[in-house]
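Chain by chain, the residues run as shown.
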Amino acid sequence: MKTTTVVVGAGHSGLAVSRRLTERSIDHVVIERGEVANSWRTQRWDSLRLLTPNWQSRLPGYDYGAHGGRDPDGFMSMPEVVRFMSDYARLVDAPVRTGTTVTSVRSAGAGYIVDTDRGRWECKTVVLASGGFNVAKVPELGGAPPASVTAMGAFEYRNPAALAPGGVLVVGASATGVQIADEVHRSGRPVTVAVGEHVRMPRLYRGRDILWWMERSGLFDERYDEVDDVVRVRRTPSPQLVGTPERATLDLNALTDRGVSLVGRLAALRGTEALLSGSLTNKCELADLKLGRLLDTFDEWAAESRVDAVGPPERFAPTRVSPSPPLRLDLARGEIRTIIWATGFRPEYSWLDVPVLDHKGQIRHDGGVVTGSPGLYVIGLNFLRRRKSSFIHGAGDDSRDLVSHLASHLDSLVAA
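## Remarks on the layout of surface pockets
The gaps left among the atoms become clear once a water-sized probe is rolled over them.
1) Next: Each pocket or cavity is described by its volume, and for the second largest pocket that value is around 300 Å³.
2) Next: Split by residue class, the lining of the second largest pocket holds six nonpolar, five polar and six charged.

This is the structure we're talking about:
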């Protein structure tokens, strides 16, 4: 089978790319191992909601209002996200081949061969839209928990009822970690959070959603070639946000107010002991400092832009931590029965047979244009082209830019 472009993945990024390709009359196929929005269907816990407000859910030619939504300040549940994506796929008439797994992508002359479990595709260009959150990143700690403790990744977690009775250690304090810790603690289980680097954010600032400030101030549109160290920025954890009807803030202070215990970063497993870093205070102070700088940026923008209908500037209490947190946990005592890894996610490219990965398994690219492999593109990664790239609404601008580059590449092949 032949086509001009193969898009791998039918999530929001792949569907946005499909819309852009159709706009340019570029024939293509979208290959999806499961169903449309497969990761939203299969790799999320039961109660999860988007951390972005509904008004921010938009894709090329479609948004939450067009979807019939009536709660712009609310947060979609996972079934609602799946319906949103599925409706969009039908609207743009995306040529999706569901239930088809890519087994290999390799170069072939001036194009590529994409092998799947349902046949082979020959094409001139490939867009990798499989996302950057395929598998959990589990730190190498030099050991394993004792047999009495069950360890699982955040993708495996569904709800507290499915956990073994007893305490839970959540490793990681970004969006996933704080949300799971809060839900598990509300179920009546004792919860400890091992805190590493994190990004603290209030849900509301000066009466507006914090992501309203990110968007209106222009921070979400900051480009990858405008920051000093894009590699470091791309490693920045997701902010401590949760989507709730109350638009509540869920930071470490909120967790400790409810009885969750905080310890330092999990550094190693030795026998039956979990060894913890002594950096808890420093990590929290750094997050507080960065939050203050962010709010200063918003205040300066509001003053310069003469923004109306917002409240006065605010500042938030420093993160409260114990002056002497423990440096080890004895996992053999039976107080902790489950470890949940909320330490981030990474892409999985075992099927990519093109030499474009670095020593850490990450794709080398310049704003989504894969380095050293003309006609190969990637989309949906953190800060790919803009600070908003990994969010649903970030796929619109990124897909426009990448498909424009792709079209120019196709023109160059014809000219040659």
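Now that the structure has been shown, we can carry on.
## A closer look at helix H4 (residues 175–186)
1) Next: The terminal C-alpha atoms of H4 lie 17 Å apart, and with twelve residues this matches the ideal 16 Å at 1.5 Å per residue to within 8%.
2) Next: Of all the twelve residues making up H4, ten are buried; the element is thus mostly covered by neighbouring parts of the structure.
3) Next: Of the positions making up H4, those classed as buried are Ala175, Thr176, Gly177, Val178, Gln179, Ile180, Ala181, Asp182, Glu183 and Val184.
4) Next: Looking at the buried positions of H4, the neighbouring elements they touch are strand S12 (167–171), strand S13 (191–195), helix H7 (252–257), strand S20 (336–341) and strand S21 (345–346).
5) Next: One or two positions beyond H4, positive phi appears at glycine 188, with a value near 105°.

## What to know about empty space enclosed by the protein
1) Next: Across all of its chains, the model carries one cavity of 30 Å³ or more by this definition.
2) Next: Taken as a whole, the largest cavity spans an internal volume of roughly 40 Å³.
3) Next: Class assignment for the residues of the lining of the largest cavity results in two nonpolar, one polar and three charged.

## Concerning the packing of helix H1 (residues 12–23) against helix H9 (residues 394–415)
1) Next: Between H1 and H9, the shortest axis-to-axis distance is 9 Å and the interhelical angle comes to 50°. Judged by the angle between their axes, H1 and H9 are oblique. Crossing handedness for the pair H1 and H9: right-handed. Facing His12, Ser13, Ala16, Val17, Arg20 and Leu21 of H1, the residues of H9 in contact are Ala395, Gly396, Asp397, Ser399, Arg400, Val403 and Leu406.

## Brief notes about the sheet that holds strand S7 (residues 111–116)
1) Next: Across the sheet, which stays open at both edges, the three strands sit in the order S6-S7-S8 with antiparallel pairing between neighbours. The open sheet has two free edges, formed respectively by strand S6 (102–108) and strand S8 (119–123), since each of these has just one partner strand. Neighbouring strand axes in the sheet, compared pairwise and without regard to direction, differ in orientation by 15° on average.
2) Next: In terms of strand pairing, S6 meets S7 through six bridges, oriented antiparallel. Across the sheet, residue valine 105 finds its bridge partner in S7, namely valine 114.

## Side note on the packing of aromatic side chains
1) Next: Summed over the entire model, instances satisfying the criterion amount to 13 aromatic pairs.
2) Next: In this structure an aromatic cluster arises from ring pairing among Tyr205, Trp212, Trp213, Phe298, Trp301 and Phe316.
3) Next: Across the ring face of tryptophan 40, the terminal group of arginine 44 is positioned such that the distance to the ring centre comes to 4.7 Å.
4) Next: Positioned above the aromatic ring of tryptophan 212, the side-chain terminus of arginine 208 is 4.6 Å from the ring centre.

Analysis parameters
Residues numbered from 1 in each chain as written. Predicted model: local features only at pLDDT ≥ 70, side-chain atom pairs only at ≥ 80, totals over all residues. Heavy atoms only, no water. 1 Å grid on protein atoms, 1.4 Å probe; cavity = no way out; pocket = protein on both sides within 12 Å on 5 of 7 lines; lining within 4 Å. Points joined across faces, edges and corners; volume = space filled by probe spheres on them. Nonpolar A, V, L, I, M, F, W, Y, C, P; charged D, E, K, R; others polar. Helix = DSSP H or I, 4+ residues; strand = E, 2+ residues; numbered from the N terminus. Expected span 1.5 Å × (residues − 1). Buried < 20%, exposed > 50% of the residue type's maximum accessible area, 1.4 Å probe, protein only. Contact = heavy atoms within 4.5 Å. Axes fitted to C-alpha atoms, helices over the stretch in contact; angles between N-to-C directions. Parallel < 35°, antiparallel > 145°, perpendicular 65-115°, else oblique. Left-handed = near helix turned anticlockwise from the far one by under 90°. Pairing = 2+ DSSP bridges. Phe/Tyr/Trp six-rings, centres within 6.5 Å; stacked < 30°, edge-to-face > 60°. Lys NZ or Arg CZ within 6 Å of the ring centre and 35° of its normal.

Geometric descriptors of this kind do not, in isolation, establish any biological role.
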